[in-house]
Amino acid sequence: MSKIKLNAKLISSDDKMDLFTTGIKNKNKIIYKEGNITVTIQLFDKKVKINRLCKEYEIDLTFDIFKSTISTYSVFGINKVFKLETQTQKLNVIDDKIEIDYILEGNKFSYILILGG
């Protein structure tokens, strides 16, 4: 595993996040912190999985350009799991950049992760 600098951007109609931080990367996995949230990204041939974990909740997002997927949102304390329809509109994984445009339960999001940024 190697330590890397990165720039994570998440844009929605309600919010805009632009974070510069450090993380770790190995073959197909990237891990970094957004405040108290641990973000783990797994890269596959035609799919990307993102896990966001904190004390209050855990969300597992699955992005596949060829189909609609089901992501899960677990709320701790009430032991409730919500299934969320996720439609991937754009999925580009290049050496030092990941771009994902998606619709989660009718809300549009754009996620960009630049490695070394």
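Quick note: structure is the one above.
Bear in mind that the values here come from a model prediction, so they are computed numbers and not experimental data.

1. Description of the sheet that holds strand S2 (residues 16-25)
Around the barrel, 10 strands lie side by side as S1-S2-S3-S4-S5-S6-S7-S8-S9-S10; this closed barrel has antiparallel pairing. For this sheet, the mean angle separating the axes of adjacent strands, direction not counted, is 25°. Where strand S8 (residues 80-94) meets strand S9 (residues 97-104), eight bridges bridge the pair, whose relative direction is antiparallel. Bridge pairing links Asn92 to Glu99 in S9.

2. A closer look at the pattern of salt bridges
Under the criterion given, the structure shown has three salt bridges. Among the ionic contacts, a cluster of salt bridges with common partners joins Lys90, Lys97 and Glu99.

3. Quick look at the pairing of S2
Sheet analysis places strand S1 (residues 2-12) next to S2, joined by 10 bridges and oriented antiparallel. Looking at the pairing, Lys9 lines up with Asp18 of S2. Once S1 ends, the chain turns through three residues before running back antiparallel as S2. Between S2 and strand S3 (residues 29-34), which follow one another and run antiparallel, lie three residues.

4. Thoughts on the packing of aromatic side chains
Scanning the entire structure with this criterion turns up four aromatic pairs. Between the aromatic rings of Tyr57 and Tyr73, the centroid separation amounts to 5.5 Å while the plane-to-plane angle is 40°, which identifies the pairing as tilted. Of this pair, Tyr57 sits in strand S6 (residues 57-64) while Tyr73 sits in strand S7 (residues 68-75), and the two are 16 residues apart along the sequence. When the centroid spacing of 5.2 Å and the interplanar angle of 15° are considered together, the rings of Tyr102 and Phe109 count as stacked.

5. Here's the deal with the pairing of S9
Across the eight residues of S9, six count as buried, placing the element largely inside the fold. Two successive antiparallel strands, S8 and S9, enclose a turn made up of two residues. Sheet analysis places S9 next to strand S10 (residues 107-115), joined by eight bridges and oriented antiparallel. For Ile98, the partnering residue across the bridge sits in S10 and is Leu113. Hairpin connection from S9 to S10: two residues lie between these consecutive antiparallel strands, with Glu105 at a positive phi of about 50°.

6. Concerning the side chain of Thr40
By the secondary structure assignment, Thr40 is in strand S4 (residues 37-43). With relative accessibility at 19%, the residue Thr40 sits in the buried group.

7. Comments concerning the environment of Tyr73
Tyr73 gets classed as partly exposed once you look at its relative accessible area, which sits at 27%. Each C-alpha atom of the pair Tyr73 and Lys83 lies 6.5 Å from the other, and the pair is 10 residues apart in sequence. Not counting the four nearest positions on each side in its chain, Tyr73 is found in contact with Tyr57, Glu58, Ile59, Lys80, Val81, Phe82 and Leu84.

Reading the values: rules and limits
- Residues numbered from 1 in each chain as written.
- Predicted model: local features only at pLDDT ≥ 70, side-chain atom pairs only at ≥ 80, totals over all residues.
- Heavy atoms only, no water.
- Pairing = 2+ DSSP bridges.
- Helix = DSSP H or I, 4+ residues; strand = E, 2+ residues; numbered from the N terminus.
- Axes fitted to C-alpha atoms, helices over the stretch in contact; angles between N-to-C directions.
- Salt bridge = Lys/Arg side-chain N within 4 Å of Asp/Glu carboxyl O.
- Phe/Tyr/Trp six-rings, centres within 6.5 Å; stacked < 30°, edge-to-face > 60°.
- Buried < 20%, exposed > 50% of the residue type's maximum accessible area, 1.4 Å probe, protein only.
- Contact = heavy atoms within 4.5 Å.

These results come straight from atomic positions and should not be treated as a statement about function.
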